[in-house]
Amino acid sequence: MAVLLAGAASAQDVRLIADNARDALDTASLLRALDDDADPQDYVAAARADYRRLLTALYAEGRYGGTISITVNGVEAANIDPLDAPVTVDEVVIRVDAGPRFSFGDVVIAPLPPGTKLPADLGPRRTARTERVEAAVSGGLSAWRDLGYPKVEVAGQRVIARHDDRKLDVNVTLDTGPRLRFGALNISGNDDVRTERIEEIAGLPTGEVYSPEEIAKAEQRLRRAGAFDSVALREADEANADGTIDINAQIRESRPRRNGLGIEVSTIDGWTLSAFWMHRNWLGGAERLRIDGEIAGIDGETGGADYRLRGTFSRPATFDPDTDFFIRSELAREDEPEFLLDSASVEVGFSRRVTDDLTASAALGILTAREETDAGTREYTLLTLPLEATLERRDEPADATSGYFLNTALTPFVSVVGDVDGARFFADARGYYSFGEEAGVTLAARGQFGSVINAGIEEAPADFLFYSGGGGTVRGQPYNDLGIDRVEDGETITSGGTSFAGLQLEARFRVRPNISLVTFYDIGQVGDTSLPFETGEWHAGSGFGLRYDTGIGPIRLDLATQASGDDVGEDLQVYVGIGQAF
């Protein structure tokens, strides 16, 4: 019976007896972390491993004169053969005399790059924690690598604990190796994407001085292309005789084709059906072709059904590694309460990543449309020049808790057929601030500003005008409820405005690790001049919401009602989606 039950026996007690550094020792110990169902072999193995782990924990605390004893059933664990564990384990005792704390004595890490000084926390009277030495050495190695010395390494180290003085002397010698330049980019793992195109996308500056930053940029460019599941760039083991070092790129390609379907339903917008097809490597150079189709507003309260067919072609690394070429085309029908619009458009342009968080794009487009409103029917063809810039500095775009976001878009347009000239400007700014225990409260704000310049309500395209109301502007107010009413030939005609200003405020309270409650207040104003607030009306909405974090983004439920006008609290609007409202 004893033999049969031996594997199920567990320790009755794992005691830690320590005069100092108890928390650090408890965290480091494998014995203290064992489950109740561990067998005797596990206890002996963990005990033998704990000598080194506990000693490392003491060194991290600046204690270099400690002693450690670990007994299993009264026998020192170091004297127990790993294959001769006891049948049962009744008691494990860890006794640690942590010893005194040491401070730094003489500390030398050399050579360091010119102008580099040792950190202040390595100075006299500072606790001699090992991680401080490790950080300083790592910093020295990184500094040399940044200057073009990729083979820098630790050539020697001498560490002496002077117990009488309780001082730790450290002497670390670095071997910088030669300063090198980038050599060839050796690519492996690619089957369908051409090697020369991978080189163009990576943009590694062959012939220039080696730089870890340039390697990181090359990896980012390749990942951003969207044609690869994984990318890893590493320098070769040996430098070349000409003072260069090759970089080895290991690539794993993504499946070239992808497609998807989507179904959404809203009490206001009705049903939306969507589908897409995408090829990640259409011409063999990581070019992307994507076709999207959508039918929206089925059985909704936002007019009739809307239809949209889009095609997008993009080619990374055109002219230089950070500039992409794109062609966008679209056929659409928008059946809104205030207008019916049939349109076709094509845009050709370039998108450039200026910095890691700033992108800008410019295009030349042509738009032709047929528009029906209460004011009549007209047709026009416009030349457009869409200009856009986005600054993304949020910690997590789908669920931001800090940082900010700014997007601005300016689209000048001039008539080819018809009499429509002007420009449309729109800006969207968002900011986030968190505080409290574990940053459990997040304040979020979003401001929107829109203007149609040099074109009145009668001249501007109907879909260039602004409305307010709904999930994207003022929650609690009906979709596009606020526009401009004007009288023509004795009839009141409702249309969008030539200016818009909106503000959305949220307070998010995390009540569980994956559950948050939200309160919000939104306000919007639409005017018939180019600048907001000169004329026009405003309205507001407020409410509360629930967020459930799925790991890939929160599921959002918002309940909102009117907060201004004669119909305060009259209707309840429901909004459901994935990701925060902004």
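These figures come from a predicted structure and were not determined experimentally. (Residues numbered from 1 in each chain as written. Predicted model: local features only at pLDDT ≥ 70, side-chain atom pairs only at ≥ 80, totals over all residues. Heavy atoms only, no water.)

Draft legend 1. Molecular detail of the pattern of salt bridges. Tallied over the entire structure, the rule returns 34 salt bridges. Between D428 and R430 there is a salt bridge, and its shortest N-O distance comes to 2.8 Å. Here D428 falls in the buried class, since its relative accessible area comes to 6%. Accessibility expressed as a relative area gives 17% for R430, which makes it buried. (Salt bridge = Lys/Arg side-chain N within 4 Å of Asp/Glu carboxyl O. Buried < 20%, exposed > 50% of the residue type's maximum accessible area, 1.4 Å probe, protein only.)

Draft legend 2. Spatial organisation of the side chain of D246. Position of D246 relative to the elements: it lies in strand β10 (residues 244-253). For the buried D246, no salt bridge is present, and the opposite-charge side chain at shortest range is R181, 9.8 Å distant. Side-chain polar atoms of D246 contact the backbone nitrogen of A184, separated by 2.9 Å. Here N240 takes part through its side chain, which lies 3.0 Å from a polar atom of the side chain of D246. (Helix = DSSP H or I, 4+ residues; strand = E, 2+ residues; numbered from the N terminus. Lys, Arg positive; Asp, Glu negative; His and termini not counted. Polar contact = N/O pair within 3.5 Å; in protein donor to acceptor, adjacent residues only side chain to side chain.)

Draft legend 3. Here's a closer look at the sheet that holds strand β4 (residues 92-97). Strands sit in the order β1-β4-β2-β3 across an open sheet of 4 strands; the sheet is mixed. Here the strands that pair on one side only, and so sit at the sheet edges, are β1 (14-18) and β3 (75-76). As paired elements, strand β2 (residues 67-72) and β3 share 2 bridges and run antiparallel to each other. Within β3, the residue paired with T71 across the bridge is E76. On top of the sheet, helix α3 (residues 40-60) reaches β1, β2, β3 and β4; it is set at about 165 degrees to β2, its chief contact. (Pairing = 2+ DSSP bridges. Contact = heavy atoms within 4.5 Å. Axes fitted to C-alpha atoms, helices over the stretch in contact; angles between N-to-C directions.)

Draft legend 4. Fine view of the environment of I523. Looking at the element boundaries, I523 is found in strand β26 (residues 515-527). The sequence separation of I523 and S314 amounts to 209 residues, and the corresponding C-alpha distance is 38 Å. With sequence-adjacent residues up to four places away left out, I523 is seen in contact with V474, A501, G502, L503, W538, H539 and A540.

Draft legend 5. Looking closely at a negative patch on the surface. There is a patch of like negative charges on the surface, built from D35, D36, D37 and D42. Positionally, D36 belongs in the loop between α2 (22-28) and α3. (Patch = residues over 30% accessible without salt bridge, like charges linked within 9 Å, V, L, I, M, F, W, Y side chains within 5 Å. Areas by Shrake-Rupley, 256 points an atom, 1.4 Å probe, with all protein chains shown as cover. Charge placed at Lys NZ, Arg CZ, Asp CG, Glu CD.)

Draft legend 6. View of a nonpolar patch on the surface. On the surface, I327, V346, V348, I366, L383, V414, V416 and V417 cluster together into a nonpolar patch covering about 580 Å² of accessible area. Residue assignment for the nonpolar patch shows that the elements contributing at least two residues are β16 (339-353) and β20 (403-417). With 3 residues, β20 is the single largest residue contributor to the nonpolar patch. Within the secondary structure, L383 sits in strand β18 (residues 376-384).

Draft legend 7. Representation of the sheet that holds β10 within the structure. Spatial ordering of the open sheet is given by β8-β10-β9, a layout of 3 strands whose pairing is mixed. Of all the strands in the sheet, the pair left with one neighbour each is β8 (181-188) and β9 (228-235). Looking at each pair of strands side by side, their axes are set apart by 20 degrees on average, direction ignored. Judged from the 7 bridges that link them, β9 and β10 form a sheet pairing that is antiparallel. In the strand pairing of β10, R234 is matched with N248. Sheet contacts for helix α6 (residues 212-224): β8, β9 and β10; angle to β9, the most-contacted strand, approximately 165 degrees.

Draft legend 8. Looking closely at the nonpolar core. The biggest cluster of nonpolar side chains holds 25 residues, and the ones touching the most others in it are L185, L204, I215, L222, F228, L233 and I247. At the level of secondary structure, the elements contributing two or more residues to this core comprise β8, α5 (195-202), α6, β9 and β10. Among the elements that line this core, the one with the most residues is β10, at 4 residues. Not counting residues within four places of it along the chain, the set of residues in contact with L222 comprises I198, I201, A202, F228, V231, L233 and I251. Grouped together as the second largest cluster of nonpolar side chains are 24 residues, A21, A46, Y51 and L58 included. (Core = buried A, V, L, I, M, F, W, Y, C linked by side-chain atoms within 4.5 Å.)

Draft legend 9. Spatial organisation of the confidence of the model for the protein. Summary statistics for the protein give a mean pLDDT of 91 and a share of 97% for residues scoring 70 or more. Confidence, read as mean pLDDT per element, is least for helix α1 (residues 2-5) in the protein (35) and greatest for strand β19 (residues 387-394) (97). (pLDDT = per-residue confidence, 0-100.)

Draft legend 10. How the structure looks around the packing of aromatic side chains. Under the counting rule described, the total for this entry stands at 13 aromatic pairs. Between F319 and F350, the ring centres sit 5.3 Å apart and the planes meet at 35 degrees, which makes this aromatic pair tilted. Of this pair, F319 sits in the loop between β14 (306-315) and β15 (323-335) while F350 sits in strand β16, and the two are 31 residues apart along the sequence. By the ring-pair criterion, three or more aromatic residues cluster together here, those being Y59, Y64 and F102. Between the NZ or CZ atom of R475 and the centre of the ring of F520, over which it lies, the distance is 3.9 Å. (Phe/Tyr/Trp six-rings, centres within 6.5 Å; stacked < 30°, edge-to-face > 60°. Lys NZ or Arg CZ within 6 Å of the ring centre and 35° of its normal.)

Draft legend 11. Here's a closer look at the packing of α5 against α6. Close contact between α5 and α6 brings their axes to 8 Å; oriented N to C, the two are set at 120 degrees. Compared by their axis directions, α5 and α6 come out oblique. Here α5 contributes I198, I201 and A202 to the contact with α6, which in turn contributes A218, R221 and L222. Among the residues making up the contact of α5 with α6, the classes are represented as 5 nonpolar, no polar and 1 charged. (Parallel < 35°, antiparallel > 145°, perpendicular 65-115°, else oblique. Nonpolar A, V, L, I, M, F, W, Y, C, P; charged D, E, K, R; others polar.)

Draft legend 12. Local environment of α3. Spanning 21 residues, α3 covers 30 Å between terminal C-alpha atoms, matching the ideal 30 Å at 1.5 Å per step. Maximal helix bending in α3 amounts to about 35 degrees, located at D50. The set of residues buried in α3 consists of P40, Y43, V44, A46, A47, D50, Y51, L54, A57 and L58. Buried residues along α3 sit in contact with β1, α2, β2, β3 and β4. G62 lies just past α3 and shows a positive phi near 80 degrees. (Expected span 1.5 Å × (residues − 1). Bend = angle between axes of the 7 residues up to and from the residue.)

Draft legend 13. Seen up close, the pairing of strand β7 (residues 167-175). Where strand β5 (residues 103-110) and β7 come together, 6 bridges link them in parallel fashion. Residue pairing across strands places A110 opposite T173, the latter belonging to β7. Summarising the sheet, strand β6 (residues 153-162) and β7 pair through 9 bridges and their orientation is antiparallel. Note that in β7 the partner of G156 across the bridge is T173. Here β6 hands over to β7 after 4 residues, with R166 in that stretch at a positive phi of 55 degrees.

Draft legend 14. Examining the environment of I295 more closely. Tracing the backbone through its elements, the reader meets I295 in strand β13 (residues 288-298). Residues in contact with I295, not counting those within four places in the same chain, are W271, T272, L273, D306 and Y307.

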